[in-house]
Each structure stands twice: as C-alpha cells, then as structure tokens.
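# Per-entry structural report
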Amino acid sequence: MSEHLGGPHGSQVGLGTAENIGDGSSGEGAAQPAHFAFDEASEAEIASILTKYPPSRKASGVLPLLYVVQGQMRRQTGSAWVPRVAMDVVAARLEVPPIRVYEVATFYLMFNTNPIGRHHLQVCGTTPCWLRGSEEVTRACRDETGIKGWRQTSDDGMFTMSEVECLGACVNAPILQVDDDYYEDLDYDRTVALLQALRRGEKPQPGSVIGRITSAPEGGPTTLNTIPIAGE
Amino acid sequence: MAKLTVDGTEVEVPNGASVLQACEAAGVEIPRFCYHERLSVAGNCRMCLVEVEKAPKPVASCAYPVADGMVVKTDTAVVRQARRGVMEFLLINHPLDCPICDQGGECDLQDQAYSYGMDHSRFAENKRAVKDKYLGPLVKTFMTRCIHCTRCIRFSSEVAGVAEMGATSRGENMEVGTYIEKALTTELSGNLIDICPVGALLNKPYSFTARPWELRKTDSVDVHDALGSNIRVDARGSEVLRILPRTNEDVNEEWLGDKSRFSHDGLKRRRLDKPWVRQDGKLRPASWPEAFGAIAAKLKDLPGERIGAVAGDLCDAESMVALKDLMASLGSQDLDCRQDGAALDGGRRDFYTFNTTVAGIEDADAILLVGSNPRREAPVLNARIRKRLNHGGYPVAYVGQPADLTYAARHLGDGVAAIEDAAEMLRGAKRPMVIVGQGALRRPDGAAILAAAWALAASVGALTPEWHGFNVLHTAAARVGALDLGFLPGLGGKALPAMLGGGVDLLWLLGADEFDIAAIGANTFVVYQGHHGDRGAARADVILPGAAYTEKGGTYVNTEGRVQRGYVAVQPPGEAREDWAILRAFSAVLGKPLPYDSIQEVRDRLAAVNPVFKTLQELPHRGCTDQAGPSGDPAGVDREPLLPAVVNYYQTNAINRASATMAECTRTYVTPMLQAAE
C-alpha cells in the first residue's frame, strides 16, 4: 500500500503487499510440528464454543476454534500461529474435510500459518492512520526491532511485524495492534517506549497511550460535561 | 411455471429456474465459465451478465431466479459492454499463451474472448504467476491459467465426493489446489480436465500431443467396466490419442472413470499383431493359413464334448455369437463366459441385469449393496448413487469389507447374514434397491447369495409391477451380452472349472485372461484369440490376433441390459482382424462356413438369437411381474466374509494392464493402500 502512496519510507525493501498476505501455499517449508492436541484449557473453551451451534451446523465453529488453536500455541510455544496439523485436528473435531479449514485459515490474515515472534505488531497503514503518521510508527518498529520488511521476525524472536488494513479505530489514529490489543495515538517515541516495555516483559495498558478516555478529546470531554437537571 | 420474455421470445420455465436456464430454453446462448448444469451455482465469474428490465444493473443470470413477467435482454449495448469488462478483468491475469496451451482450440475462454475480448490489453503491470500443483498422475496443472471459476472444487466435493480441492488465501493471492500436495483420491479425476473451462487442468498423458482439430472423432462404448459409458475416441492416424466421455443422461451423464479415459496407451503395447503357433514348446510367428491349419488339424476327429470355449470380459457380442455358432457346428456345448465363476443365473434376464437402471437410481429411496464396492467397480455409477444421496432421504447400507464409498453408508457387517439388518430400512422405503456385486457371486455359495438377495428384495416390496429393485452390478463389459446370447454351458456342457485340468482337449479363449490360466490341463490345446499378449496368450498353442474395442464395430450390453454400439476408430495393428471375421474365416477352413458374410448379417443373427439386440439404447419398462427367484437355496449362504471383486481399480483387464498410465496410477494409489492394509 504505502509504496504506491509514496511515503518517505515507501521505497524501502519488503513492502510488497504480496508478502503481507502469506505465501498462499501450504506452510510445508516452515517448521511444522508433527503433532497437535488441544490441552485442557482449550478443551474447556471449545466445549463452550460448540454449545453455540446446533450439532449439524458445528462447521460454523471453525473461526473460533482456529483462535483457540492460536491461543494455545501462544501459551505453549510463545508463538501464536496455526500449524497445519492443528487445522487437521480442527477439521476432525468439526467433521469437515481438512481443505475447508485450510481455506478459512489461509483466507483470514488474523491466522498466522507460519510461526511468528512473541508479539505480533500489526501496523495499520490505511489512509486515516497514514495521514496521522503511521509511517512514523512503522519506522519506530523497524528501528527498535531491527525488522526490515513486512511479515518478518526480529532476530531475538520477540516481534513479527505486519501491515494490516483499517482496524476501525481511526479516531485514535495511528494504531498499532500488538497481539490482541490496540495501542492508540502513537508517534515515534511512544512506539519505541511501548516496544521497550514489551521487550522487558511488561504489558502496558492498552488503549490511548496519551491518556484519552476511549475516543474523547485530549484532556477530557469538552461537551456534554454537565448533567442537565430536569426542569431547569 | 413462470412466463418470461427473452429477447422478445416468450418462454415458460419452472419456478426456481435461473434466468440463464430460461435463456437456454429460448435458444439464446449465454457465455459462462463458473456455471455448470451438474454443479451447484457459484455465480463468481460474472460472464453470464444479462439485462433484466427494471433491474438497476446487469445481473448474473446463472444465479438470478426467474419471475413471472420478467423481460430479459441478452444482446444490448449494456450487456455487451458489461461482458467485455468482465472478460478484460479475466484476461488481466491470464497468460494468453494459447499457442502453447493444450486447451487451445477447445477453450471456453479462448472462444468467448473472440466475442467479448479486446484486441489489446490495457493492463501494463506485471501479471501474477502461480505455482503449478501436483494432483496425481492423470491431471496436469498450469495454475497461472486458472480463472478461479471453482468448477473443479465443486466437482470434487459434490460429484466425486472427495473434498480435497479448495481455494486457499485470498484476493490476488488466491490459489486453487489441495493445499497439501497430494494426488486426488478419486477415480473420476479425469473429469476435472473436461470441466475446467481454461487450460489450467489438463490431460497429463496427452500433453503436447495433438490439437483438437487434427483428431478424428469416433463414437464408441467403454469396455473397462460394465457400465458401458458412452465415449468418443479421438485418434490421429492409427493411434488413439485420447478418450472423452459422450453425454448420455441415462448412463454416464457426462462423466467417465479414469480407467476408461486413460487406459488407451495400453492399446499400443503388448499387442498381438500377427498369428503365432507353438512349435517345439516355443511360439513362433506364423501366417493365418498356418495358424488355422494347426487348429484344424487338432480339431480333426475331436468329439464335441472335448472342445471348450471361454469368452473374455471385453468381447463384443458379434464375436461371441460367431464363436458360439462355431462351437455349435463342432458339436460342443462347453461354453462359458463367467471367468470369475460368478454364479449368475441366465434363466431370466432380470436375474442378471441392473433392473432399476442407472437413471432409476435417482427415483430410489433406499439402497443396500451386497458384496459390491461401486466406487471401484463402476465409479460413474457410484457418482450417481452419490448424486441421489445429495438430494436426501436415501439411506445407504452395505455388507462386505469396510470401504470408503465417498458418501455416508452404513456398514452392516462383512458377511451376507447381515443383510437381514437392512430389511427394516428397505421395508420403510417405497422404492428400495438391492445391488448384488460380483464379489458376492463369485463364491461357492454365490447362487445362494443371489437367491437370498432376490428373496430379500421380494420381501421388502422391491419387486412390483412398477418398480424393480433387484440389481446385479457386473464388472465385465461383455458379461451381460454373453448371458443374453446364452454363452453358457448347453445341455450336458461343461462350465469353465470342468474345462480346466484336462476337462477338454481344445480350449478356445476369446480374449479370456481373467481366470487361473495355470489350471488349464497340460495336454489341452489352447487357442487364444485376442488383442493383447497377456496371461492367456502366454499359455496358447495358437494365437489369433484380434481387434481391441476401438478397432472394431462392436455391440456391447451394459450391466442394465442396454444394448449399445461402438464404431471403428482406428484399424487393428498388423495382421490383426475383427474377431467375428476371424471366426468366419476359420469356419470356412473347417468346411462349415458360418452363415454370415458381413457385420450386418452378424447383427441380424444376434437379433435372431435374442431379440434384445434389435434395438439400441432402449430398455424395456422394468417392473417385476414374476416374483419367482433364481435357482439357488437362500439357506445355503455361509458365514464367510465377502471379499471385494475389484481391489485394484486401475488394472482389471489386458488393456489396462498394458497401460503405463494405469501402472503409474497403481503405484500412486493402490500400492500404498495395500501396504497400509498389511
């Protein structure tokens, strides 16, 4: 995206959108585990997920189950991704042909079909964020982690960086989604600070990093800040 | 019914039909890629856009239901412009390598680009390229040409019943394939080549061999299984280059099994192209008069009961009637066509045919398979069962070895005793079917199983004047024809087991390779008449080179009892001749000429022997008016488990055993399966 828009760092290596989506073929080349089985915590989650669908429609559970897989992988290996054997396990659990799960898992970018770093940095590069300086966020991520291109993992295995489309939080642009959490109102320095905190193993409070309450104006609400008294 | 106007023509179509179907009813051809009448509607290629009055924009006619009073326009400036736009988008990522593409000349995209394509491209960027996929030894892929119509995905999951193909990734990166590299585990994979509208899925053995306009096309009938699929033989010069299905709604619709489509390279290998005579224990080439002389010398003073004849699985009815007449003139009653020893009862036609008919499967509402695995014995028929199953309300149960039939089927047990468990299910149905396979009939208690299956069919109400639910599924293309001709031991005649071990002094094998050749008596003089140097020819004392099914005009009767005829596509190799003509010539050497000199006269003789040969393609109305069952005591069924009739789908006869493609398929599919079973 950004290279077409001609941002200051747009011409840097590895910004092709193709890599951003994945290689499209099976992840045979990557270090695929030989075995996958749901652990106890996952089984509990699955049991509650499957109650939402009638037994004849349990194929609908494929998305939540893939999230369960990704969550378990994060717990167990520190890398939130969906190995191929796990897709087979999901298919068997839902009684659908494995290819139906492969299709879903490769279609949605939320599922990583290759191993990633401990934290998944998802920079929003869509127009509002871009106008508000998403390229500064990208630059901070590059400088801090040493990652050169999209979909790459830092040498220390801490971070994988990818570019995503609109995260739907434009009012607090620019956004960096770390794993499942949004960090908003970023700039270069705040991004660096965030990454350093993450590297130290801390988990900063998600949301606006400058203290805005949800999407209210900086410094607090400017309207509707008095409660009208009935009859006044 | 809905009445609508298509380009000013008024048509009436059933409610729920699509606009595209209405246009076809009006005789207007609508271009399309993703729409296929035998698959579900995807509506993703957008090529079938038409204008519907009062609709704000062009609609995809394949996915748009008709409504009463609708006015459809298919040839307006708006429609043409819309389709041109779709075509331009389709061609953006299409390589336009028609000159080196095997689909060239029979490509939907190429054809439609003539009508809707531009003479140049406005797309200046790089085209995408997609890695080719491995789909097995039969289907070659060239995925850059894929236009994502998803026909192959729908075919494999809906018709073939193996949901192994899919579209992975998204947008620009979407790829059609299996995700994990694997050979498609279906016996119908060749049909992917036919339904692919572009050159993405291609015929691997036929790659870079010919252009469609160079080929001579001949209608024929398939002999690799007993379904009698209608085929078109494409040949150039003396060589069969490919075999394609021909549409016949009552038999194979438009599908064809892989064995039937890809075995033709076996027609070029191990052929018998001249007569051979055994001299001092070794076969040597001979002339026709020498070969005939050797047989005539042996026949001299041989009484009729010491002469036997066996008809093989690929024989046409013409050659079998000629052999039968020759044997009659020699005073022999020792005829047999049941090489596998199947206990078929030739007493009444409905004892040995598929009486429900293939199309009739779609009217049935319950089915029991006894010792039959239709997936391996007749994959196209299996697809028909699957099609019926997809419409729902069709319980399927089977007895025999546990098998993956590509659909949900209840396994009752591996012995025949378990068929009783199906009685209730069948009784609850209005039009139940029982299919008996050769795996059940070729056992010592085959006659008892046949009778037991009939008795079950009778007891559950499958045999009524309106419905005939008793079916025998054959595996040999020649079998029903042979039974119709009475190619069975006559009064006091010997069946095949009695002919072996020295039971006869002269044994005439008409393309018969599928029995234990080693069991033939050491002093029996064997005449092998056939087209391949297979098991029978190796044992023969005289070899008479005959014609394969593509090389002779032959009449075949399929498992339903449908009489069908194929035509000569290529000439037999070398000195080989049509089989009935060989027998006619030999009868003249004996001084007892058979009473026919042309193929037409042989066919008249066929009709005289059995009137069913008078009419092609037609089946009589098949109700059952006589509930009396075949001979055999249903109580004689023993408890032995049923074994499958066909283990290796790809190699079942002399032609496909000679085929390199089928050997490759065996290595890919069957060998790992057998290894896994061990």
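Our subject is the structure that appears above.
Residues numbered from 1 in each chain as written. Chains lettered and ligands numbered in written order. Predicted model: local features only at pLDDT ≥ 70, side-chain atom pairs only at ≥ 80, totals over all residues. Heavy atoms only, no water.

The next point concerns the overall build of chain B. When you go through chain B residue by residue, the secondary structure sums to 20 helices and 26 strands. Taking 678 residues into account, the globule formula puts the C-alpha radius of gyration at 26 Å, and chain B, at 27 Å, falls close to it. The C-alpha extent of chain B, read off along each of the three principal axes, is 90 × 60 × 55 Å. Residues classed as buried in chain B amount to 61% of the 678 residues present. A sequence separation of at least 24 residues applies to 70% of the contacts in chain B between residues at least 6 apart. Looking at chain B as shown, the accessible area adds up to about 25500 Å², and 51% of this sits on carbon and sulfur atoms. (Helix = DSSP H or I, 4+ residues; strand = E, 2+ residues; numbered from the N terminus. Rg over C-alpha atoms; globule rule 2.2 N^0.38 Å. Buried < 20%, exposed > 50% of the residue type's maximum accessible area, 1.4 Å probe, protein only. Contact = heavy atoms within 4.5 Å. Areas by Shrake-Rupley, 256 points an atom, 1.4 Å probe, with all protein chains shown as cover.)

What follows covers the overall build of chain A. In terms of regular secondary structure, chain A is built from nine helices and six strands. Per-residue burial for chain A yields a buried fraction of 44% across its 232 residues. Taking all contacts inside chain A whose residues are at least 6 apart in sequence as the whole, residues at least 24 apart take part in 64%. Accessible surface for chain A amounts to roughly 11800 Å². Of this, 55% is attributable to carbon and sulfur atoms.

Moving on, we get to the nonpolar core. Residue and element names in this part refer to chain B. Of all hydrophobic cores here, the largest spans 96 residues; its most connected members are Val 72, Leu 109, Phe 155, Leu 381, Tyr 394 and Met 433. Excluding residues that lie within four positions of it along the chain, Leu 109 makes contacts with Phe 33, Met 87, Leu 90, Leu 91, His 94, Ile 147, Pro 197 and Val 198. Counting 83 residues, the second largest nonpolar core, distinct from the first, contains Val 436, Phe 525, Leu 594 and Cys 624. (Core = buried A, V, L, I, M, F, W, Y, C linked by side-chain atoms within 4.5 Å.)

Residue and element names in this part refer to chain B. In this structure, Val 399 sits in strand 18 (residues 396-399). Judged by its relative accessible area of 1%, Val 399 is buried. Measuring from C-alpha to C-alpha, the distance between Val 399 and Asp 414 comes to 5.2 Å, with 15 residues separating the pair along the chain.

Let us look at empty space enclosed by the protein. All names here are of chain B. Evaluation of the coordinates by the stated rule reveals six cavities of 30 Å³ or more. Approximately 140 Å³ is the volume found for the largest cavity. Lining the largest cavity are 19 residues, with Leu 314, Cys 315, Leu 510, Gly 511 and His 531 positioned closest to its centre. Ranked by the residues each element gives to the lining of the largest cavity, the list is headed by strand 23 (residues 525-530), at three residues. Across the lining of the largest cavity, the residue classes tally to six nonpolar, eight polar and five charged. (1 Å grid on protein atoms, 1.4 Å probe; cavity = no way out; pocket = protein on both sides within 12 Å on 5 of 7 lines; lining within 4 Å. Points joined across faces, edges and corners; volume = space filled by probe spheres on them. Nonpolar A, V, L, I, M, F, W, Y, C, P; charged D, E, K, R; others polar.)

Residues and elements named next belong to chain B. Spatially, the seven strands line up as an open sheet ordered 14-13-24-23-22-15-16, and their pairing is mixed. With partners counted over all chains shown, the strands left at the sheet margins are strand 14 (282-285) and strand 16 (334-336), one partner each. Between one strand and the next, the sheet's axes are offset by a mean angle of 15 degrees, whatever the strand orientation. Of the strand pairs in this sheet, strand 22 (residues 506-510) and strand 23 are connected by five bridges, and their pairing is parallel. What sits directly across from Leu 507, in strand 23, is Val 526. Relative to the sheet, helix 7 (residues 288-299) contacts strand 13 (276-279), strand 14, strand 15 (307-311), strand 22, strand 23 and strand 24 (542-545), its axis offset from that of strand 24 by approximately 135 degrees. (Pairing = 2+ DSSP bridges. Axes fitted to C-alpha atoms, helices over the stretch in contact; angles between N-to-C directions.)

Residues and elements named next belong to chain A. Locating Asp 179 in the fold gives a position in the loop between strand 4 (176-178) and strand 5 (181-184). Accessibility expressed as a relative area gives 12% for Asp 179, which makes it buried. A distance of 2.7 Å separates a polar side-chain atom of Asp 179 from the backbone nitrogen of His 120. Excluding residues that lie within four positions of it along the chain, Asp 179 makes contacts with Arg 74, Arg 118, His 119, His 120 and Gln 122. (Polar contact = N/O pair within 3.5 Å; in protein donor to acceptor, adjacent residues only side chain to side chain.)

Our next topic: helix 6 (residues 98-107) of chain A. Within helix 6 of chain A, seven of the 10 residues are buried, which leaves the element mostly enclosed by the surrounding structure. Considered for burial, the residues of helix 6 of chain A that qualify are Ile 99, Val 101, Tyr 102, Glu 103, Val 104, Ala 105 and Thr 106 of chain A. Check the buried side of helix 6 of chain A and you find it contacts helix 4 (62-77) and helix 5 (84-94) of chain A together with strand 7 (166-168) and strand 8 (175-177) of chain B.

All names here are of chain B. Mapped onto the elements, His 621 comes out in the loop between helix 18 (599-609) and helix 19 (654-657). Sequence separation between His 621 and Gly 428 is 193 residues; the distance between their C-alpha atoms is 24 Å. If we ignore the near neighbours within four places in the chain, the residues touching His 621 are Pro 465 and Glu 466.

All names here are of chain B. With antiparallel pairing, the three strands of this open sheet are ordered in space as 10-11-12. Of all strands in the sheet, those with a lone pairing partner are strand 10 (216-221) and strand 12 (239-245), marking the two edges. Averaged over all adjacent pairs, the angle separating strand axes in this sheet is 30 degrees, with direction ignored. As defined by bridge partners, strand 11 (residues 230-236) adjoins strand 12 across six bridges and the pair is classed as antiparallel. If you follow Arg 236 over to strand 12, its bridge partner there is Glu 239.

On to a nonpolar patch on the surface. All names here are of chain B. On the surface, a cluster of nonpolar side chains totalling about 220 Å² of accessible area is made up of Val 647, Met 673 and Leu 674. Residue position: Met 673 is located in helix 20 (residues 660-677). Residue Met 673 is classed as partly exposed on the basis of its relative accessible area of 34%. (Patch = residues over 30% accessible without salt bridge, like charges linked within 9 Å, V, L, I, M, F, W, Y side chains within 5 Å. Salt bridge = Lys/Arg side-chain N within 4 Å of Asp/Glu carboxyl O.)

Residue and element names in this part refer to chain B. Using the criterion set out here, one finds 66 salt bridges over all chains in the structure. The shortest N-O distance in the salt bridge between Arg 271 and Glu 551 comes to 2.7 Å. Taken as a pair, Arg 271 in the loop between helix 6 (258-262) and strand 13 and Glu 551 in the loop between strand 24 and strand 25 (554-557) lie far apart in primary sequence, 280 residues in all. As far as the burial class goes, Arg 271 and Glu 551 line up, both buried. A salt bridge links Lys 552 to Asp 579; the shortest N-O distance between them is 2.8 Å. Within this pair, whereas Lys 552 is found in the loop between strand 24 and strand 25, its partner Asp 579 is found in helix 17 (residues 579-589), the two being separated by 27 residues in sequence. Each of Arg 38, Glu 249, Glu 253, Glu 254, Glu 362, Arg 384 and Lys 387 takes part in a single network of salt bridges with overlapping partners.

In this section: the packing of aromatic side chains. In the structure shown here, the tally under the stated rule is 12 aromatic pairs over all chains. Ring geometry for Trp 288 of chain B and Phe 292 of chain B: centres 5.5 Å apart, planes at 50 degrees, overall tilted. Of this pair, Trp 288 of chain B and Phe 292 of chain B both sit in helix 7, four residues apart, roughly one helical turn. Phe 292 of chain B gets classed as buried once you look at its relative accessible area, which sits at 7%. Considering the side-chain rings of Tyr 649 of chain B and Tyr 650 of chain B, the 5.0 Å spacing of their centres and the 75 degrees angle between planes classify their relative orientation as edge-to-face. Its relative accessible area of 2% is what places Tyr 649 of chain B among the buried residues. An aromatic cluster of at least three residues, connected via ring pairs, comprises Trp 288, Phe 292, Trp 508 and Phe 586 of chain B. Seen from the ring of Trp 150 of chain A, Arg 142 of chain A lies directly overhead, with NZ or CZ sitting 5.9 Å from the centre. Over the aromatic face of Phe 107 of chain A sits the side chain of Arg 170 of chain B, whose NZ or CZ is 4.5 Å from the ring centroid. (Phe/Tyr/Trp six-rings, centres within 6.5 Å; stacked < 30°, edge-to-face > 60°. Lys NZ or Arg CZ within 6 Å of the ring centre and 35° of its normal.)

A cis amide bond, omega -5 degrees, links Ala 173 of chain A with the succeeding residue Pro 174 of chain A. Structurally, Pro 174 of chain A is set in the loop between strand 3 (159-164) and strand 4. Its identity as a non-glycine residue notwithstanding, His 148 of chain B has a phi of 60 degrees, on the positive side. Within the fold, His 148 of chain B resides in the loop between strand 6 (139-141) and helix 4 (151-159). Classification of His 148 of chain B as buried rests on a relative accessible area of 18%. Although it is not a glycine, Thr 406 of chain B adopts a positive phi angle of roughly 75 degrees. Considering the arrangement of structural elements, one finds Thr 406 of chain B in the loop between strand 18 and strand 19 (410-413). By relative accessible area, Thr 406 of chain B is classed as buried at 11%.

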